[in-house]
Amino acid sequence: MEFAYQGLKIPDPLEIGKGLPEETQRAQYTLAYDLRPSAEGGNGNGKEYKCHHKVVCNWVCTECRTSVSNFKHFLDSGECQVYFKILEWREMSLPEVACIYTSYTPKDSLELREYIMALLSLSLNPAKDLLSTQNLSDNFAEYLKNRDRLWIQQTNKIKQKVLKFDSMFESGNIDQVAFINANHYLLTVKADVNTWGTTKWLYFSVSNTTAGSSVKFEVINFTKGNKLYRAGMRMWVYSKTLAEKKRVYWHKGGEEIEYKVNQHQRRSITVKSEETCFYTLSFKYTFDHDNDEVYFAYSCPYTYSKMCKLIADTEARLEKASESRATLDSGNKCITLRGISYQRECYARTICGVPVYVVTVTSNAKRRVIPLEKRKCIVVTARVHAGETTGSFTFEGFWQFIFSNKELAKLVLGLYAVSYTHLTLPTNREV
């Protein structure tokens, strides 16, 4: 699978690691262990060894061979180069109520790569029919065919108007939804990729709404004790109807917002601190329109595909005025025009094979303030953690300034080379 936007192409990450001998792959992914047991049962340093079950394949720890079936979705198949420390948290006991939504669950890390690439492809090509894509895994294809079946079945049983939830879009991270009544829903969010079960933000949508109805949403598996919700922070909300009719886009909303510890215990395998319970975020929202589609988020979303569009649109604008340009490969490009030298390089790839770019720009004016070889470099980076989207917007603002025609921007480029790298961890189910 490949996605592209105005010539910015991302190659198929599913091919990464294929063709290596099985023993080589296993030798690489087993490097994830912290401790190595000796024949005597220690770790070689005279200390007692305790296995943390970090690499799980077929529900069995590959180190101590203990069954860890309670931890059902450490996504590692033993068939790729990099081990994912992922816990898809599904252990919490919900009340005896109707489960109306369950997100897609990849069976291994290759299927996770496929899923993330599919979401990126949908963001850049909204009209794309994923089911028409060749070589989809059977697991993903089956989910796409039947993704609405659970909601339809439960709606027929409940015989009430039930909200329709979704998180199968870029950055969406709701895992399961339980129906309490028409005005109350319980939700769980997915753990961030390559973390020890971290759940600190949310992004999901609801449809099939009723104007005037007030609904309580409870997200019951957050892992961070201190949140700004306790200091008055509100949810970010986007209503499609409001955007179409009044051009009101992402805005603050929600009432009766609470954030507190709950009684649900976290498993010790995922905990590195004394915080052993989950936290609940609850809020109410009153819908303004019938049959609206409303999105809720921890912070105003800024996705990887948005960053790709920013780069591609900037390059398209520069190329119109360029004196020369060279595309080295799908991840690298050089553009030279009067006054500016621009270079994009793919300096790394994420666990899921998504490119991480570094863009360097400086002045090449004949009357240079400082010679190129003597210029210092300004490094601009943003978005170390998935929920820190404010950094992304600040990043974009500085990007737009540097590529503007303002005299101050020209002066900066004459004094420095400016290097940008964005979304340092873009596959953390980024928002």
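These numbers were taken from a predicted model, which means no experiment stands behind them.

(A) Spotlight on the environment of valine 379. Locating valine 379 in the fold gives a position in strand β20 (residues 376-381). Residues valine 379 and valine 418 lie 39 residues apart in sequence; the distance between their C-alpha atoms is 6.1 Å.

(B) Quick peek at the pattern of salt bridges. Under the counting rule described, the total for this entry stands at 6 salt bridges. In this structure, the salt-bridge partner of lysine 240 is glutamate 293, at a minimum N-O distance of 3.3 Å. In this pair, lysine 240 sits in helix α5 (residues 240-246) while glutamate 293 sits in the loop between β14 (277-286) and β15 (294-297), placing the two residues 53 residues apart along the sequence. With a closest N to O distance of 2.6 Å, arginine 344 and glutamate 315 form a salt bridge.

(C) Broad picture of the sheet that holds β14. Read from one edge of the open sheet, 6 strands run β5-β7-β8-β10-β14-β13, paired in mixed fashion. One side of each edge strand has no neighbouring strand; the edge strands of this open sheet are β5 (98-102) and β13 (255-265). Strand-to-strand twist across the sheet, computed as the mean angle between neighbouring axes with direction ignored, equals 25 degrees. Relative to β14, β13 runs antiparallel, the two being bridged by 6 bridges. Across the sheet, residue glutamine 265 finds its bridge partner in β14, namely cysteine 277.

(D) Representation of the side chain of serine 167 within the structure. One can find serine 167 in the loop between β6 (164-166) and β7 (174-181). Assessed through its relative accessible area of 1%, serine 167 is described here as buried. Side chain to side chain, serine 167 and tyrosine 101 meet in a polar contact 3.0 Å long. Residues within four places of serine 167 in sequence aside, it is in contact with Tyr101, Ser103, Tyr115, Gly172, Asn173, Ile174 and Tyr203.

(E) Up close: the nonpolar core. If you look at the biggest cluster of nonpolar residues, it comprises 54 residues, and the most contacted ones within it are Phe165, Tyr185, Leu202, Phe204, Phe217 and Phe296. Apart from residues no more than four positions distant in its own chain, phenylalanine 217 is found in contact with Leu163, Phe165, Tyr185, Leu187, Phe204, Val206, Leu281, Ser282, Phe283, Tyr285, Phe287 and Phe296.

(F) Highlighting the pairing of strand β9 (residues 203-207). Among the 5 residues of β9, 4 are classified as buried, and the element is accordingly described as predominantly covered. Relative to β9, β6 is paired through 3 bridges, and the arrangement is antiparallel. Following the sheet pairing, lysine 164 is matched in β9 by serine 207. Where β9 lies against β15, 4 bridges are found, and the strand directions are antiparallel. Among the inter-strand pairings, phenylalanine 204 is bridged to a residue of β15, identified as phenylalanine 296.

(G) Just the sheet that holds β15, in detail. A sheet is described by the order of its strands in space; here 5 strands give the open sequence β6-β9-β15-β11-β12, paired in antiparallel fashion. For this open sheet the edge positions go to β6 and β12 (251-253), each flanked by a neighbour on one side alone. For this sheet, the mean angle separating the axes of adjacent strands, direction not counted, is 35 degrees.

(H) Up close: helix α8 (residues 407-415). Listed in full, the buried residues belonging to α8 are Ala409, Val412, Leu413 and Gly414. In this structure, the buried side of α8 is in contact with β18 (340-349), β19 (355-363), β20, α7 (389-402) and β21 (416-421).

(I) Spotlight on the packing of helix α6 (residues 304-320) against α7. The interhelical angle for the contact between α6 and α7, taken along N-to-C directions, is 0 degrees, at an axis separation of 12 Å. Comparing the axis directions of α6 and α7 gives the class roughly parallel. Contacts between α6 and α7 involve Lys306, Leu310, Ile311 and Thr314 from the first element and Phe393, Glu396, Trp399 and Gln400 from the second. For the contact of α6 with α7, the residue count by class is 4 nonpolar, 2 polar and 2 charged.

(J) Region of the structure containing the packing of aromatic side chains. Considering all chains together, one arrives at 34 aromatic pairs under this definition. An aromatic cluster is built from Phe165, Phe179, Tyr185, Phe204, Phe217, Phe283, Tyr285, Phe287 and Phe296, whose rings are joined through pairwise contacts. Sitting above the plane of the tryptophan 151 ring, lysine 164 keeps its charged end 5.3 Å from the centroid. Looking at arginine 344, its charged tip hangs above the ring of tyrosine 357, at a distance of 5.2 Å from the centre.

(K) Inspection of unusual backbone geometry at higher detail. Positive phi outside glycine occurs at serine 171, with the angle close to 85 degrees. The backbone of glutamate 256 sits at a positive phi, close to 50 degrees, despite the residue not being glycine. Within the secondary structure, glutamate 256 is located in strand β13.

(L) Here's a closer look at the environment of alanine 409. Here alanine 409 is to be found in helix α8. Counting along the chain gives 46 residues from alanine 409 to serine 363, while the straight-line C-alpha distance between them is 9.9 Å. Excluding its chain neighbours within four sequence positions, the residues that come into contact with alanine 409 are Phe401, Ile402 and Ser404.

(M) Inspection of the pairing of strand β10 (residues 214-222) at higher detail. Counting buried positions over the 9 residues of β10 gives 7, a clear majority of the element. Pairing of strand β8 (residues 184-189) with β10 involves 4 bridges; the strand directions are parallel. Along β10, the bridge assignment pairs leucine 187 with valine 219. Pairing of β10 with β14 involves 7 bridges; the strand directions are antiparallel. Note that in β14 the partner of valine 219 across the bridge is leucine 281.

(N) Molecular detail of the environment of histidine 385. In this fold, histidine 385 is placed in the loop between β20 and α7. Under the relative-accessibility criterion, histidine 385 is labelled partly exposed at 48%.

Calculation rules
Residues numbered from 1 in each chain as written. Predicted model: local features only at pLDDT ≥ 70, side-chain atom pairs only at ≥ 80, totals over all residues. Heavy atoms only, no water. Helix = DSSP H or I, 4+ residues; strand = E, 2+ residues; numbered from the N terminus. Salt bridge = Lys/Arg side-chain N within 4 Å of Asp/Glu carboxyl O. Pairing = 2+ DSSP bridges. Axes fitted to C-alpha atoms, helices over the stretch in contact; angles between N-to-C directions. Buried < 20%, exposed > 50% of the residue type's maximum accessible area, 1.4 Å probe, protein only. Polar contact = N/O pair within 3.5 Å; in protein donor to acceptor, adjacent residues only side chain to side chain. Contact = heavy atoms within 4.5 Å. Core = buried A, V, L, I, M, F, W, Y, C linked by side-chain atoms within 4.5 Å. Parallel < 35°, antiparallel > 145°, perpendicular 65-115°, else oblique. Nonpolar A, V, L, I, M, F, W, Y, C, P; charged D, E, K, R; others polar. Phe/Tyr/Trp six-rings, centres within 6.5 Å; stacked < 30°, edge-to-face > 60°. Lys NZ or Arg CZ within 6 Å of the ring centre and 35° of its normal.

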